[in-house]
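Spelled out, the chains give:
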Amino acid sequence: MEDRNRSGTIDGPVRAFSATAATRAASILGIALSLVVLGMLIRARMTGVLILDSLGERLTSPMALVHQVLVGTYWDVVVVVVITLPFLCLTYALRRSLRTLRVLRGTYWLVAGFILAAEAVNPTVVYYLGTPFTVQWLYYSDFLRGLDARNSLLSLLDARIIAVAFVGLGAFSVLALILRRFVEAALTRSYRHRLVVAVTALVLAYLAVGYVELNRLELRRSVTANPVIVFADSLLPHDAPAIYTMATPVDSDDFAQVAERDPGPAASPGVPASAGIKNVIVFVLESVPSKYVEAYGGKFPVTPVLSKYRSQAMMFDTIYAHTANTNVSLVALLTSTYPWLSTRFVTREYPDFPVPSLTGELRQRGYRTAYFTSADGRFDGQDEFLAQHDVEVQEDYRSIPCDRSINAAGFEQTIHDLVARQQYFEGVHDDCTAEALNRWIDTERARPFFALLWTFMTHHPYFVAGEETDFGVENESLNRYLNALRVGDGALGKVLQHLEDTGLADSTLVVVLGDHGEAFGRHGQVAHAANIYEENVHIPYFLINPRAFKGEESGVVGGIVDIGPTILDILRLPLPGDWQGRSVFAQQRSPRTYFFTPWADLIYGYRQHSNKYIYNVTTNEFALYDLSADSDESRNLIGEHPEMRDEITNRLAAWIQYQNRLIAKLTSVAANPSGGSEASPR
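Now for a description of the structure that goes with this document. (Residues numbered from 1 in each chain as written. Predicted model: local features only at pLDDT ≥ 70, side-chain atom pairs only at ≥ 80, totals over all residues. Heavy atoms only, no water.)

Grouped together as the largest cluster of nonpolar side chains are 123 residues, with contacts concentrated most on Val282, Leu513, Tyr541, Tyr604, Leu652 and Trp655. For Trp655, the contacting residues outside a window of four places in its chain are Phe255, Tyr338, Pro339, Leu341, Tyr594, Phe595, Phe596 and Tyr604. Counting residues in each nonpolar core, the second largest holds 26 residues, with Val36, Val79, Val80 and Leu101 among its members. (Core = buried A, V, L, I, M, F, W, Y, C linked by side-chain atoms within 4.5 Å. Buried < 20%, exposed > 50% of the residue type's maximum accessible area, 1.4 Å probe, protein only. Contact = heavy atoms within 4.5 Å.)

With that settled, the discussion passes to the sheet that holds strand 15 (residues 621–626). Strand-to-strand pairing in sheets goes through backbone hydrogen bonds, with the strands running parallel or antiparallel. Across the sheet, which stays open at both edges, the 4 strands sit in the order 12-13-14-15 with antiparallel pairing between neighbours. Sheet topology places strand 12 (592–597) and strand 15 at the edges, where each strand pairs with a single neighbour. The mean inter-strand angle of the sheet, taken between neighbouring strand axes irrespective of direction, is 15°. Pairing analysis gives 6 bridges linking strand 13 (residues 603–608) to strand 14 (residues 611–616), with the strands arranged antiparallel. Bridge pairing in strand 14 links Arg607 to Lys612. Lying on the sheet, helix 21 (residues 644–667) is in contact with strand 12, strand 13, strand 14 and strand 15; it crosses strand 13 at an angle near 105°. (Pairing = 2+ DSSP bridges. Helix = DSSP H or I, 4+ residues; strand = E, 2+ residues; numbered from the N terminus. Axes fitted to C-alpha atoms, helices over the stretch in contact; angles between N-to-C directions.)

A word on a nonpolar patch on the surface. Among the surface-exposed residues, Met63, Val66 and Leu70 lie close enough to one another that they form a single nonpolar patch of about 280 Å² accessible area. Considering the arrangement of structural elements, one finds Leu70 in helix 2 (residues 62–72). The partly exposed category is assigned to Leu70, whose relative accessible area is 36%. (Patch = residues over 30% accessible without salt bridge, like charges linked within 9 Å, V, L, I, M, F, W, Y side chains within 5 Å. Areas by Shrake-Rupley, 256 points an atom, 1.4 Å probe, with all protein chains shown as cover. Salt bridge = Lys/Arg side-chain N within 4 Å of Asp/Glu carboxyl O.)

Below, the discussion takes up the side chain of Asp630. Considering the arrangement of structural elements, one finds Asp630 in the loop between strand 15 and helix 21. Setting aside anything within four residues of it in sequence, one finds Asp630 in contact with Tyr625 and Arg635.

Glancing now at empty space enclosed by the protein. Under the definition given, this model contains 6 cavities of 30 Å³ or more. What the second largest cavity holds in volume is close to 110 Å³. Of all the elements, helix 12 (residues 326–335) adds the most residues to the lining of the second largest cavity, at 4 residues. Each residue belonging to the lining of the second largest cavity can be placed in one class, and the counts come to 10 nonpolar, 2 polar and 1 charged. (1 Å grid on protein atoms, 1.4 Å probe; cavity = no way out; pocket = protein on both sides within 12 Å on 5 of 7 lines; lining within 4 Å. Points joined across faces, edges and corners; volume = space filled by probe spheres on them. Nonpolar A, V, L, I, M, F, W, Y, C, P; charged D, E, K, R; others polar.)

Two faces, one strand: in a regular strand the side chains alternate between the faces of the sheet. Burial analysis of strand 3 (residues 368–373) places 6 of its 6 residues in the buried class, which makes it a mostly covered element. By the alternation rule, side chains of strand 3 split into Arg368, Ala370 and Phe372 and Thr369, Tyr371 and Thr373, which are all buried. Here 6 bridges tie strand 3 to strand 5 (residues 449–454), and the two strands are oriented parallel to one another. Across the sheet, Ala370 pairs through a bridge with Ala451, a residue of strand 5. Both strand 3 and strand 4 (residues 393–395) contribute to a ladder of 3 bridges, which runs parallel. From the neighbouring strand, Phe372 faces strand 4, where its bridge partner is Glu395. Running through helix 15 (residues 382–388), the crossover from strand 3 to the neighbouring parallel element strand 4 is right-handed. (Right-handed = clockwise from strand over helix to strand, strands pointing away.)

Before going further, it helps to examine helix 12. The buried fraction of helix 12 is high, at 10 of 10 residues. Two or three places before Asn327, at the start of helix 12, stands the capping residue Asn325, its side-chain oxygen 2.9 Å from that residue's backbone nitrogen. At the exit of helix 12 stands Ser336, carrying a positive phi of roughly 45°. (Polar contact = N/O pair within 3.5 Å; in protein donor to acceptor, adjacent residues only side chain to side chain.)

Applying the stated criterion across every chain, the model contains 23 salt bridges. Salt-bridge contacts for Glu553 lead to Arg310; the nearest nitrogen and oxygen are separated by 3.9 Å. Here Arg310 lies in the loop between helix 11 (304–308) and strand 2 (313–320) and Glu553 lies in strand 11 (residues 553–559), a separation of 243 residues in the sequence. We classify Arg310 as buried; its relative accessible area is 16%. When the shortest N-O distance is used, the salt bridge between Arg398 and Asp396 registers 2.9 Å. Residue classification places Arg398 among the partly exposed positions, given a relative accessible area of 48%. By sharing partners, the salt bridges in this structure join Asp254, Arg592, Glu647 and Arg651 into a single network.

Shown next, in the form of structure tokens:
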């Protein structure tokens, strides 16, 4: 009897502990199942909307859509399985400690909530960035402190999004509780062991079959990838792709520094008569590709000033940004250097970049130099980079007086009110910046001057002044952007008119360009930095002077790296030996220019004559477009010319390897052939 009592006394707590462990395990499994179900709903949105819309397809069979959603959710299920198994094992191992079981359950709630939040925002992130969020994008946004990140995030945080977030969190909690009850009931049945075996077999079968189907369907990686896995992977070092080290027969003449190449003829035939030109203004239209400028065939009446001065300008049809990023374009413009092939920025990491600058060359010859931006000149170290490269005067939104209001996404406050309250914007009306430049010009007219002006209002989320004009487009962001572009064009008009009013028009070269492009849905992308299609990197480029130009048009292929050499060529000044660009008027010019992007997939490309070549290193995919017949890049011809893969790879390998060696030498940093883990393929 004593043994039975002892046994019974012990058996009661054991059963109690077992029941508690089963309850905690059921709670964890309920949360896991809830995470899977809601993850599938989120993935259904991405698979059923993003993929199908981008491919222009529609699924007529509901089962086909279910199949794609199940396959598209594969990596989400993998994440749930990977995080759940350790918690279940710990729940069993620590089943005798009630306090520990409560901590485990609470921790799992937090982990699952974080994963759900990442999956919930992932469709929007992919829509704007082209990929789930990575440490590379975190760097790009100056760790969410920069203009891109702050404005973009705040433009998305409206009442609807916040309401959806709360509803989603509530649904997650309720569904987890409901599923917990079902799981707990199942775990108390006599057939629970067989049920566990069956569910385990089902999960393993899904993991095996799902992996095969995922590869067979070839769904877009950016749409099927789990955001947690992608971010974790982006933190890891990766081996350099073969293109960084492979032998290539292509020489470096396209991008060699001035001191390394054949100087060619002393003069550049075709350079316009430049007698009397002594001043230079470079006017940069933020995030403006050529397709929205009327002179390039843009169908919206938003650049009347450029159209008006077209008869006093030379227009270039095939000029490119080397990547779709402002800081990279700034460095290429002032130092005539192809980019550092990395996700990192010279302006932030090496503001004293040891290459002679356009501003430095002119300042040595008595020029006064200045930089005006409607945005924040401190972004990513721009101010320090400019100070190190002989820019005497810098003005940005903090110093430019302006009482004109701008707004975006329905906000009507004045810019100064918003900045004072640290809300939303970091910029002023572009007209105010043009007026600040005009005042600076008037301060000392006896000395020649160089000025760089960068607009702001066409930067995402796009800013409108006054009442918004309806341009008849369905995309509200595009309509706001077109209004902003019209303001930027008007600011250019203020500068050109001031030159005429002060008698400086004949003696001043005005260079107008976009720093990069902007996408509004074509190729399944928005914004600018994730790709190198025409909407990302093909930019407008005008040289304006009433004496030198009479409406000419040029098909010379070139890039922002060529702007500094062109300016010095027109001024009849020698090029620094460290520069890589060439004047657009030079007799000996390469028929190619190069570009890349590393922030989503790692992608390289170049334009040669009428053809454009792209190599996605991450996915090992090639593209060839004949832009003379297909300016929208809708037909990839690489399948008809498979032999071009070797030519593309060899030519890009030559550029990449040369540029990596050059930047390593200039920055005195040991060469990392992959450009650092941030530029490695994902």
